[in-house]
There are 2 protein chains.
Amino acid sequence: MSTFRPSRRGVLTGAAVAGAAGVGAGLTAVAARPGQATAASRTVAFHGARQAGITTPQQDSLVFAALDVTTSRAGELADVLQRWSAAAATMATGTPVGGPGGLGGAAEEPPQDTGEAHELPAANLTVTLGYGPSLFDSRFGLADRRPAALEELPPLPGEQLDPTKVGGDLCLQACADDPQVAFHAVRNLVRIGRGVVRVRWMQLGFGRTSTTSSAQSTPRNLMGFRDGTANLKAEDTSDLDRHVWVGGQGAPAVDQEWMRGGTYLVARRIRMLIEAWDRASLGEQERVIGRAKESGAPLSGTHEFDALDLAKTTAHGKPAIDVAAHVRLAAPQSNGGVKLLRRGYSYTDGLDGATGQLDAGLFFIVFGNDPAHQFVPLQRKLGSQDALTEYLKHTGSGIFACPPGTASGGAWGEGLFG
Amino acid sequence: MSTFRPSRRGVLTGAAVAGAAGVGAGLTAVAARPGQATAASRTVAFHGARQAGITTPQQDSLVFAALDVTTSRAGELADVLQRWSAAAATMATGTPVGGPGGLGGAAEEPPQDTGEAHELPAANLTVTLGYGPSLFDSRFGLADRRPAALEELPPLPGEQLDPTKVGGDLCLQACADDPQVAFHAVRNLVRIGRGVVRVRWMQLGFGRTSTTSSAQSTPRNLMGFRDGTANLKAEDTSDLDRHVWVGGQGAPAVDQEWMRGGTYLVARRIRMLIEAWDRASLGEQERVIGRAKESGAPLSGTHEFDALDLAKTTAHGKPAIDVAAHVRLAAPQSNGGVKLLRRGYSYTDGLDGATGQLDAGLFFIVFGNDPAHQFVPLQRKLGSQDALTEYLKHTGSGIFACPPGTASGGAWGEGLFG
């Protein structure tokens, strides 16, 4: 384990983050505007104790990119990370890369900004950075800075991974209420990184499928069910400390100080076998999920937010919530109290050429401070016992360490390379 | 040429359409709310003299599907078209397929609606149907009903077509201000058609790149330029009659009466060579387009909506608008007065596996009543002379005949099969 080296310029230190008591950029925005819809605020500050885009109320569109580093010089990578954070901070205010004049400039030079988001609102853009396990191999001298929690996911049941949609040295999660704004952000960061990084895989998402604030109503996924009813909310600060933030109160011990105040992102591209699902009866769909389709109420209750009663039986003596129902198997009380912060988006990538069926489903992003004891055992169980697994196939996967936020004037990478 | 057979139940006849003087469903909506933004009205009527989704102010999201008919029984196809129009009319009001209870029903049956758009606003959903040339082969007895204008596009310069993104017996263009609403519409129609039709290819689009109403400001495409400044507007009724509507005043003669009041849709998936474009200087980009990047003004003028002055020269005696500039070559005055109604969307489908570059660009939809003398010669010229062609590659293509609208109680297919 390496000794924590204080950051070079302005990144919040572990102590400062701990003192901030779980209130970061995104979180502040939520707390300041309870009851307001996502679209009302319009900008989310880039700088803060936490990275934006984690507890930020979920925006409508996602562009997720996993990237590989193509240089072997750590300094070049650190430079790109610094330029990325400056650009991300600028774009978060709705300003072109390079400042207000970034669309123009000298006729002999390419414009600094590609321009397609010019005059569009900032649309609550957030860009969240993560480091993949492969970044900590021998190339950049970072091997002794790898947190133990950042290890490649083991093979898991229910997956049939497409090798072109797995892994990455880095990830960028851009979320915005306008897809063109989210795309613009990733495109411009990729452009800035040319010669140092290249995109490994990419995923677009639409129509959020999680609720991350009690001000948001619960959206529906492509199975037509409300999704995210029981998600952690930005307001649940003590649960976030315990389950999400590295070094939060009640969280596992911190082995790499540069990760204090950060979290781990697990991304799973979960294809839904839409055609099979659409042929299933309403009763079968509700049994599989464990909730009523129309109301979202657990089959043990009558309202969406009723607590699950896993012991309740029907008049016929059967469990009201089936033993293989998704909500039973995924519930914290069935998993030693594990709670996850989800940020899911629907996706469709047109047709699966092999079968002629729709390639559509859920791009599932989950944040937690201990993936090996949170996501991994949960998916082991779901992948082997969950009735829903018959209708799903995990086709893409990645795990990334998201460092804490940066103070104004600070930059991504300072904690890691500092 | 076949004789026009009056429709079976309620589809507007040629005479009725002509009497409607170019004012159809979408058009009425525009005329009734001048100056209002697209999002303000929220529903667009399905029924009317014209199909919705043609002159309707352009929504933010597109799901376009080309489909093949897999049955050889015309009656089965006609039945699907009838069920499609009922479903499309229902969804246009924000109601589930099958009515308000379509999400539920008997526990033993699959729900009639897949549910993911339930409780979302109608988001100005429009679904527009088109028939491809291949529908008029020997399978359905429709050979003598094919309009002469509906012929496969010839090979064109600048194209490098992906055979998996070409053609189709039918197309469905779903547009909405919410991508989940547009996806839901196509998915449910495909589901209704199972066993009779199957999806051949599909394209998602975001961030409209055309202006179809003077109430809309001009958006930017992924080249960062304003796109659609000179597009036909819904308010330009005499130009629409002449250039867009089959049988409109000043339009070519009608050879198939069932198409009177309809139009032809040409779809082109135009990949932008983003990386090369991003390396081009501002001066080069502006020369290629013929407009200023920031303002959108033609290089012969100072404001976005200034008319092109193709004769204007600079102080150095060169044309202000380059001889190979896109706006010069595409302008009506350079093309015998041809005007097109465009409905373009940006797209990205992640990475091109062969090159590792972004597969992104413009999904270009254009409506006109005479494609062989409108789109085809224009693309012949652009593909060989336009400076922009160096940065583009047409990778997908289709042409479809969009019939006129249907009256309340009428259905798609009645004019064709009636």
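Residues numbered from 1 in each chain as written. Chains lettered and ligands numbered in written order. Predicted model: local features only at pLDDT ≥ 70, side-chain atom pairs only at ≥ 80, totals over all residues. Heavy atoms only, no water.

Here we take up the environment of B:Glu235. Residues and elements named next belong to chain B. Position of glutamate 235 among the secondary structure elements: in the loop between β4 (197-208) and α5 (237-243). Exposure remark for glutamate 235: the relative accessible area of 37% places this residue in the partly exposed category. Between the C-alpha atoms of glutamate 235 and glutamate 257, which are 22 residues apart in sequence, the distance is 25 Å. (Helix = DSSP H or I, 4+ residues; strand = E, 2+ residues; numbered from the N terminus. Buried < 20%, exposed > 50% of the residue type's maximum accessible area, 1.4 Å probe, protein only.)

All names here are of chain A. For helix α3 (residues 74-92), with 19 residues, the first-to-last C-alpha span of 27 Å sits near the 27 Å given by 1.5 Å per residue. Restricting attention to buried positions, one finds in α3 the residues Leu77, Ala78, Val80, Leu81, Trp84, Ser85, Ala87, Ala88, Ala89, Met91 and Ala92. The secondary structure elements touched by the buried residues of α3 are β1 (61-69), β2 (126-131), β3 (170-176), α4 (179-192), β4 (197-208) and α10 (414-417). Two residues or fewer after α3 comes glycine 94, characterised by a positive phi angle close to 80°. (Expected span 1.5 Å × (residues − 1). Contact = heavy atoms within 4.5 Å.)

Here we come to the interface of chain B and chain A. Listed as interface residues are 52 residues of chain B and, on the opposing side, 52 residues of chain A. Buried surface at the junction of chain B and chain A, summed over both partners, amounts to about 4100 Å²; 58% is from carbon and sulfur atoms. Counting the contacts that link chain B with chain A gives eight salt bridges. Where chain B packs against chain A, one counts 22 residue pairs in polar contact (both at pLDDT 80 or more). Among the secondary structure elements, those contributing two or more residues to the side of chain B that touches chain A are α4 (179-192), β4, α6 (274-279), α7 (282-289), β7 (345-351) and β8 (358-368) of chain B. Per element, the largest residue contribution to the side of chain B that touches chain A is seven residues, and it comes from β4(B). (Buried area = accessible area lost by both parts, 1.4 Å probe. Salt bridge = Lys/Arg side-chain N within 4 Å of Asp/Glu carboxyl O. Polar contact = N/O pair within 3.5 Å; in protein donor to acceptor, adjacent residues only side chain to side chain.)

For the rest of this paragraph, the subject is the UniProt feature "domain: Dyp-type peroxidase C-terminal" (unreviewed entry) in chain A. UniProt records the feature "domain: Dyp-type peroxidase C-terminal" (unreviewed entry) for residues 218-406 of chain A in the present numbering. The distance from the first to the last C-alpha atom of residues 218-406 of chain A is 31 Å, and the span holds 20% helix and 22% strand. (UniProt positions renumbered as here; feature names shortened; annotations may be inferred.)

For the rest of this paragraph, the subject is the relation of the copies chain B and chain A. Note on the copies: chain B fits chain A at an RMSD of 0.0 Å, the axial shift is 0.0 Å, and the rotation between them is 180°. Overall, the copies show the geometry of a two-fold rotation axis. Among all C-alpha atoms of chain B, that of B:Asp349 lies closest to the rotation axis, at 3.7 Å. Comparing contact sets, 100% of the residues at the interface of chain B also lie at the interface in chain A, consistent with an isologous, same-surface contact. (Least-squares fit on C-alpha atoms with pLDDT ≥ 70 in both.)

Looking now at the confidence of the model for chain A. All names here are of chain A. A residue-level look at chain A finds 90% of positions with pLDDT of 70 or above and a mean pLDDT of 89. Counted against residues more than four places away or in other chains, residues 1-40, with its pLDDT under 50, gives 70 contacts. Both confidence scores are given for the complex: pTM 0.90, ipTM 0.89. (pLDDT = per-residue confidence, 0-100.)

This paragraph deals with the packing of α3(A) against α4(A). Residue and element names in this part refer to chain A. At a minimum axis distance of 10 Å, the contact between α3 and α4 shows a crossing angle of 150°. Between α3 and α4, the interaxial angle falls into the category roughly antiparallel. In this structure, α3 crosses over α4, and the sense of that crossing is right-handed. Residues Val80, Arg83, Trp84, Ala87, Ala88 and Met91 of α3 form the contact with α4, whose own contacting residues are His184, Ala185, Asn188, Leu189 and Ile192. For the contact of α3 with α4, the per-class residue count stands at eight nonpolar, two polar and one charged. (Axes fitted to C-alpha atoms, helices over the stretch in contact; angles between N-to-C directions. Parallel < 35°, antiparallel > 145°, perpendicular 65-115°, else oblique. Left-handed = near helix turned anticlockwise from the far one by under 90°. Nonpolar A, V, L, I, M, F, W, Y, C, P; charged D, E, K, R; others polar.)

Moving on, we get to the environment of B:Lys233. Residue and element names in this part refer to chain B. When you line up the elements, lysine 233 lands in the loop between β4 and α5. Classification of lysine 233 by relative accessible area gives buried; the value is 12%. Contact partners of lysine 233, with chain neighbours within four places excluded, come to Thr211, Thr212, Ser213, Ser214, Gly228 and Leu240. Here asparagine 231 takes part through its backbone oxygen, which lies 2.9 Å from a polar atom of the side chain of lysine 233.

Turning our eyes to something else, we now look at the side chain of A:Arg269. All names here are of chain A. When you line up the elements, arginine 269 lands in strand β5 (residues 263-272). Assessed through its relative accessible area of 3%, arginine 269 is described here as buried. A polar side-chain atom of arginine 269 sits 2.9 Å from a polar atom in the side chain of glutamine 203. When residues no more than four places from it in sequence are discounted, the contact partners of arginine 269 are Lys165, Gln203, Tyr347, Asp349, Asp359, Leu362, Phe363, Lys393, His394, Thr395 and Gly396.

Applying the stated criterion across every chain, the model contains 38 salt bridges over all chains. B:Glu119 is the salt-bridge partner of A:Arg220, the closest N and O atoms lying 3.3 Å from each other. Taken together, the residues A:Arg220 in the loop between β4 and α5 (237-243) and B:Glu119 in the loop between α3 (74-92) and β2 (126-131) connect one chain to another. Owing to a relative accessible area of 3%, A:Arg220 belongs among the buried residues under this scheme. With a closest N to O distance of 3.8 Å, A:Glu304 and A:Arg226 form a salt bridge.

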